[in-house]
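Report on the structure
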Number of protein chains: 2
Amino acid sequence: MAKTLRKALALPPGPVDLSSYESDATTGFDESKDDAPELMEELGEELAGLQERLFAHGQSGTSSKSVLLLLQGMDTSGKGGIIEHVVGLVDPRGVHITSFKKPTSEELSHDFLWRIEKALPGPGIIGIFDRSHYEDVLIGRVRKLADDKDIERRYGAINDFEDAYVEGGGTIIKCFLHISADDQKERLQARLGDPAKYWKYNPGDLDERALWPEYQKAYEIALERCSTERAPWFLVPSGRKWYRNWAVAQLLLEHLESLDLEWPKADFDVETEKKRLATS
Amino acid sequence: MAKTLRKALALPPGPVDLSSYESDATTGFDESKDDAPELMEELGEELAGLQERLFAHGQSGTSSKSVLLLLQGMDTSGKGGIIEHVVGLVDPRGVHITSFKKPTSEELSHDFLWRIEKALPGPGIIGIFDRSHYEDVLIGRVRKLADDKDIERRYGAINDFEDAYVEGGGTIIKCFLHISADDQKERLQARLGDPAKYWKYNPGDLDERALWPEYQKAYEIALERCSTERAPWFLVPSGRKWYRNWAVAQLLLEHLESLDLEWPKADFDVETEKKRLATS
């Protein structure tokens, strides 16, 4: 690739019109689709190597760096698939996954960022958010779960929150998994057509689907207002699963590379320890 | 295999003499070592399929079943390697890993099982314990971190605790990763010989190594007293990494198979939903 995928997929500043993006685009992918499995294997090895260095620093207490991969998208857009096929490429010890569901009554009694803060990855860890604080300006807005004033306040609160995470050594990769209403229909049909997939289906999914335009609008507002220099949004065309997985793996790789991680130095005298070991 | 690996590796009742077990045994492995990578790949696919069913039930609320893979062994015995190479074979969403370190002051203010109980896997989840409550009768015994009477009490408390977990729908797979003092020496040398592995080394490791016979004795007592019918201990020869990984993967597979998991049934009318979707 001539330029990086993160530059190609980062949303430009200004208003967002999701209808202007094709969900089946393969932006930045220069090979043939048939090469994707091999490319994913290579990406997997590179990712695992860099992740081990990040993890090593966390274990050694030599760096406060961490990475947060945040996944948002309409139902069936592929949050679960990315966790299985991309996150599954690295050592599970270094990964911390949080799936945000409907808030509990305890969570609702606190500010919306309370449960999010608790789930931020510690040093050396790649945190995965399967849904996130953005739900509070998405379903929160569409289903009017808070008053207008409070929804308005949240965009700024999110920007401040993410900025503080980056300030503390975090790297945040926000991926909006873009699919079309037709893509979703096809995938819901697949779920209803296979008893091994019934568990992924919920009749409530169709109630949300009926609000597709409202959700697209809510996403457009959130993407515009919360794409900042330090924490930009990436629009990942997700109509093709193989491309979606490759793109998120590649974004993760580029961000890990930019951390310039060396192995932690020994905090003991290597020769002394070799001698101690030899006589042990 | 004529008989199952779980039968072959389960410790027989009665006193345990660890010196009678070879660390480089390949019990139950009938193929050539060169076939191990391919066998692991096949095992990975089978594991991933069964784990998805387990996870599906957890998500659907249709079963309280969960699995706990508990890893214990001397330093360098391969707890981390198993998590990377075996646990890494399944969907990370369905896995919950807990690495038990030296207890915090808060943890010490509670009973030793307090932090363990909180880490038990929920329905549908495969929990991984990287070290466990057994530390409290291992380092606890060797380093006299509690008085004799309290250490004595703990064996029974552990058996009751594990029994209650199984009673509630849990399956527990306790693996003792058996290595020799020579195996450990070789692996510590490897760590001291490679700057990419310094982070895994701690001078304190040699202080523990100096107590090798005391630790072996503490393990023998724990393995004898806490190998029960419902929660037996498996002795996994771990001198050969490829065999150790295969054996733990195979044990996990056999236990998942014994859960007889079908896909959860739909809790909605499939035809009705198909019609709703078609017009959506």
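Notes on the structure in this doc start here.

The rules behind each value
Residues numbered from 1 in each chain as written. Chains lettered and ligands numbered in written order. Predicted model: local features only at pLDDT ≥ 70, side-chain atom pairs only at ≥ 80, totals over all residues. Heavy atoms only, no water. Helix = DSSP H or I, 4+ residues; strand = E, 2+ residues; numbered from the N terminus. Buried < 20%, exposed > 50% of the residue type's maximum accessible area, 1.4 Å probe, protein only. 1 Å grid on protein atoms, 1.4 Å probe; cavity = no way out; pocket = protein on both sides within 12 Å on 5 of 7 lines; lining within 4 Å. Points joined across faces, edges and corners; volume = space filled by probe spheres on them. Nonpolar A, V, L, I, M, F, W, Y, C, P; charged D, E, K, R; others polar. Axes fitted to C-alpha atoms, helices over the stretch in contact; angles between N-to-C directions. Parallel < 35°, antiparallel > 145°, perpendicular 65-115°, else oblique. Left-handed = near helix turned anticlockwise from the far one by under 90°. Contact = heavy atoms within 4.5 Å. Pairing = 2+ DSSP bridges.

**Let's talk about the environment of Asp267 of chain B**
Residue and element names in this part refer to chain B. Tracing the sequence through the fold places Asp267 in the loop between helix H11 (241–257) and helix H12 (270–278). Overall, the relative accessible area of 70% leaves Asp267 in the exposed class. Taking the C-alpha atoms as reference, Asp267 lies 8.9 Å from Ser60; in sequence the two are 207 residues apart.

**Quick notes on empty space enclosed by the protein**
As enumerated under the stated definition, the model contains two cavities of 30 Å³ or more in all. Gly88, Val90 and Pro92 of chain A together with Val87, Gly88, Val90, Pro92 and Val95 of chain B are the residues that line the largest cavity. Residues belonging to the lining of the largest cavity are distributed by class as follows: six nonpolar, two polar and no charged. Taken as a whole, the second largest cavity holds about 30 Å³ of empty space. In terms of lining residues, the second largest cavity is bounded by Val87, Val90, Val95, Ile126, Ile128 and Leu252 of chain B.

**Some remarks on the packing of helix H7 (residues 148–167) of chain B against helix H10 (residues 212–225) of chain B**
All names here are of chain B. Here H7 crosses H10 at 40°, and the two axes come no closer than 10 Å. Judged by the inter-axis angle, H7 sits oblique to H10. H7 and H10 meet at a crossing whose hand is right-handed. Residue-level contacts link Glu152, Tyr155 and Asn159 of H7 to Ile221, Ala222 and Arg225 of H10. Across the contact of H7 with H10, the residue classes tally to three nonpolar, one polar and two charged.

**Thoughts on the sheet that holds strand S3 (residues 126–130) of chain A**
Residues and elements named next belong to chain A. Overall, parallel pairing links the five strands, which are arranged S2-S3-S1-S4-S5 in an open sheet. Of all the strands in the sheet, the pair left with one neighbour each is strand S2 (95–99) and strand S5 (233–237). With strand direction ignored, the average angle separating the axes of adjacent strands in the sheet is 20°. Sheet topology places strand S4 (residues 170–178) next to S5; five bridges connect them, and they run parallel. Residue pairing for S5: His178 is matched across the bridge by Pro237.

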